[in-house]
Amino acid sequence: MAILGIDIGGTRIKAGVVAGDGTLGAHAAVGTPATLEDFRDALCDLARHIIDGAEIEAAGFGCKGIINARSTRVDVLPGTLHYLEGHVLSELIAPVLGRRTPVFADNDARVALAGELAWGAARGHSDVVMLTLGTGVGGAILSGGRLVRGHSGVAGHLGHLTIDPDGPLCICGNRGCLETLFSSRAIESEAHAAVHRGVDSLLTRRYAGDLQALTCEAVFETAREGDTAARLIVYEAVRALGAAIAGLVHALDPEIVIVGGQIAQAGDALFEPLTSEVQWRTHGLLRRTVPLVPPQVADTSGVVGAAALTLAGAS
Ligand SMILES: [Zn+2]
């Protein structure tokens, strides 16, 4: 069995042939074109190139924005890929696959959870919350064995849980969303502000002349060295994330919470304080510790997750 997995991103379109056990075979990527016509050609050329005559049983798309999973129509997609709005992904790929091959689609966050459900940390579970910690915070929910999509496909935007009603303005128009308090962008902007103010810290001594190098990763590293200001920035961000997860745990009672994304690579420096933060906030009602675990699907391109959408377990 071979499945075609495709990830549509703002800068790259990635595609791969995925085996029934989740192994990624032939794969490739191209730059995301600027117009619909060029997109259609690039997508079909890329798919033909990696399929290379193999028999494809089904195809799955992961895409940013709000995707109608039933029809594979792109409902809402701001930014560079705006031209895809209103278009049906299964039709765009039809010149390659014909119209009889089943095609599935969903947003990139749900696709990541579908991958974990088929071949990773969520296997065998029916209630799972997944958070992807990067420049923003992505999320997806599996409840009672189903990926939660909500009334209009918006469900799972966990980065936009309101944590502080009067907090910083968010990209979504709300204030104090989780990702304004915990995300690489939020952590970096706290650190940059500290350097601007000349706070007595390794952050200022090391990065005052080169703020570009003061990344989220650098803040975690400096915190690990014991620097007070860096530790405080990490502590406050982790506290916000822990509060958000506690709310999710109370609302959804998941068996596990998968915490992935670039910031999760900090490992114990993140997982240890986060676990105790979630534990003290939830133990009263839950009377158990909800395991916070990293993802297990090695492919981070989104291609394997997109392929997983085609499996019954991810519907
Ligand atoms: Zn928001």
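Scroll up to find the structure.
About the criteria used
- Residues numbered from 1 in each chain as written.
- Predicted model: local features only at pLDDT ≥ 70, side-chain atom pairs only at ≥ 80, totals over all residues.
- Heavy atoms only, no water.
- Helix = DSSP H or I, 4+ residues; strand = E, 2+ residues; numbered from the N terminus.
- Buried < 20%, exposed > 50% of the residue type's maximum accessible area, 1.4 Å probe, protein only.
- Contact = heavy atoms within 4.5 Å.
- Expected span 1.5 Å × (residues − 1).
- Axes fitted to C-alpha atoms, helices over the stretch in contact; angles between N-to-C directions.
- Left-handed = near helix turned anticlockwise from the far one by under 90°.
- Nonpolar A, V, L, I, M, F, W, Y, C, P; charged D, E, K, R; others polar.
- Polar contact = N/O pair within 3.5 Å; in protein donor to acceptor, adjacent residues only side chain to side chain.
- Salt bridge = Lys/Arg side-chain N within 4 Å of Asp/Glu carboxyl O.
- Donors = N, O, S within 2.8 Å, 3.2 Å for Na, K, Ca; no water.
- Tetrahedral: all angles 85-135°; square planar, octahedral: opposite > 155°, others 65-115°.

Asks: Just to check I follow, could you spell out the environment of Gly 153 for this structure?
Replies: Its place among the elements puts Gly 153 in the loop between β10 (146-147) and α4 (178-181). Owing to a relative accessible area of 11%, Gly 153 belongs among the buried residues under this scheme. Between the alpha carbons of Gly 153 and Val 76 there is a distance of 9.8 Å; along the sequence they are 77 residues apart. In this view, Gly 153 contacts Ile 66 and Arg 110; residues no more than four positions away in its chain are not counted.

Asks: Help me understand helix α5 (residues 184-196), please; the structure alone is not making it clear to me.
Replies: Because each turn of an α-helix spans 3.6 residues, side chains separated by three or four positions in sequence point in the same direction. Here α5 is 13 residues long and its end C-alpha atoms lie 18 Å apart, about the 18 Å a rise of 1.5 Å per residue gives. Its buried side turned inward, α5 meets α4, α6 (202-207), α7 (216-224) and α8 (228-252).

Asks: Is there a simple way to think about the packing of α8 against helix α9 (residues 268-286) in this case?
Replies: When two helices pack together, their arrangement is given by the angle between the helix axes and by the axis-to-axis distance. It is the contact of α8 with α9, at a shortest axis distance of 9 Å, that shows an interaxial angle of 40 degrees. Of the two possible hands of crossing, α8 and α9 adopt the one that is right-handed. Across the interface between the two elements, Val 238, Arg 239, Leu 241, Gly 242, Ala 243, Ile 245, Ala 246, Val 249 and His 250 of α8 pack against Leu 270, Pro 273, Leu 274, Glu 277, Val 278, Arg 281, Thr 282, Leu 285 and Leu 286 of α9. Here the contact of α8 with α9 is built from residues that sort into 12 nonpolar, three polar and three charged.

Asks: Help me out: how do you make sense of the side chain of Thr 204 in this one?
Replies: By the element assignment, Thr 204 lies in helix α6. For Thr 204, a relative accessible area of 16% gives the class buried. Reaching out from Thr 204, the side chain makes a polar contact with the backbone oxygen of Val 199 at a distance of 2.5 Å. Those residues in contact with Thr 204 that sit more than four places away from it in its chain are Ala 194, Val 195, Gly 198 and Val 199.

Asks: Mind showing me how you'd approach the pattern of salt bridges here?
Replies: Charged atoms that come close allow side chains of opposite charge to pair. Taken as a whole and assessed by the stated rule, the structure comprises 11 salt bridges. Among the ionic pairs, Lys 64 bridges to Asp 108, the shortest N-O distance being 2.7 Å. One end of the pair, Lys 64, is in the loop between β4 (58-63) and β5 (66-68); the other, Asp 108, is in helix α3 (residues 108-119), with 44 residues separating them in the sequence. You can call Asp 108 partly exposed: its relative accessible area is 28%. The salt bridge partner of Arg 288 is Asp 253, with a shortest N-O separation of 2.7 Å. Taken as a pair, Arg 288 in the loop between α9 and β12 (292-293) and Asp 253 in the loop between α8 and β11 (256-260) lie far apart in primary sequence, 35 residues in all. Note on Asp 253: relative accessible area 44%, which makes it partly exposed. Within this structure, Asp 106, Arg 110 and Arg 149 form a network of salt bridges that share partners.

Asks: Hey, could you run me through the coordination of the zinc ion in this one?
Replies: For the zinc ion, the full set of protein donor atoms is His 160 (ND1), Cys 170 (SG), Cys 172 (SG) and Cys 177 (SG), at a range of 2.0 to 2.3 Å. Each of the four donor atoms bound to the zinc ion contributes to angles spanning 103 to 120 degrees, and the resulting shape is tetrahedral. In the primary structure, the donors to the zinc ion are separated according to the pattern H-x9-C-x1-C-x4-C. With His 160 in the loop between β10 and α4 and Cys 177 in the loop between β10 and α4, this residue pair connects regions lying 17 residues apart in the sequence.

Asks: Is there a simple way to explain unusual backbone geometry in this structure?
Replies: Negative phi is the rule for most residues except glycine; trans is the rule for most peptide bonds. One non-glycine residue with positive phi stands out, namely Thr 72, at about 65 degrees. Along the chain, Thr 72 turns up in the loop between β5 and β6 (73-76). The class for Thr 72 is buried, based on a relative accessible area of 1%. Not every positive phi belongs to a glycine, and Arg 287 is a case in point at roughly 55 degrees. Within the secondary structure, Arg 287 sits in the loop between α9 and β12.

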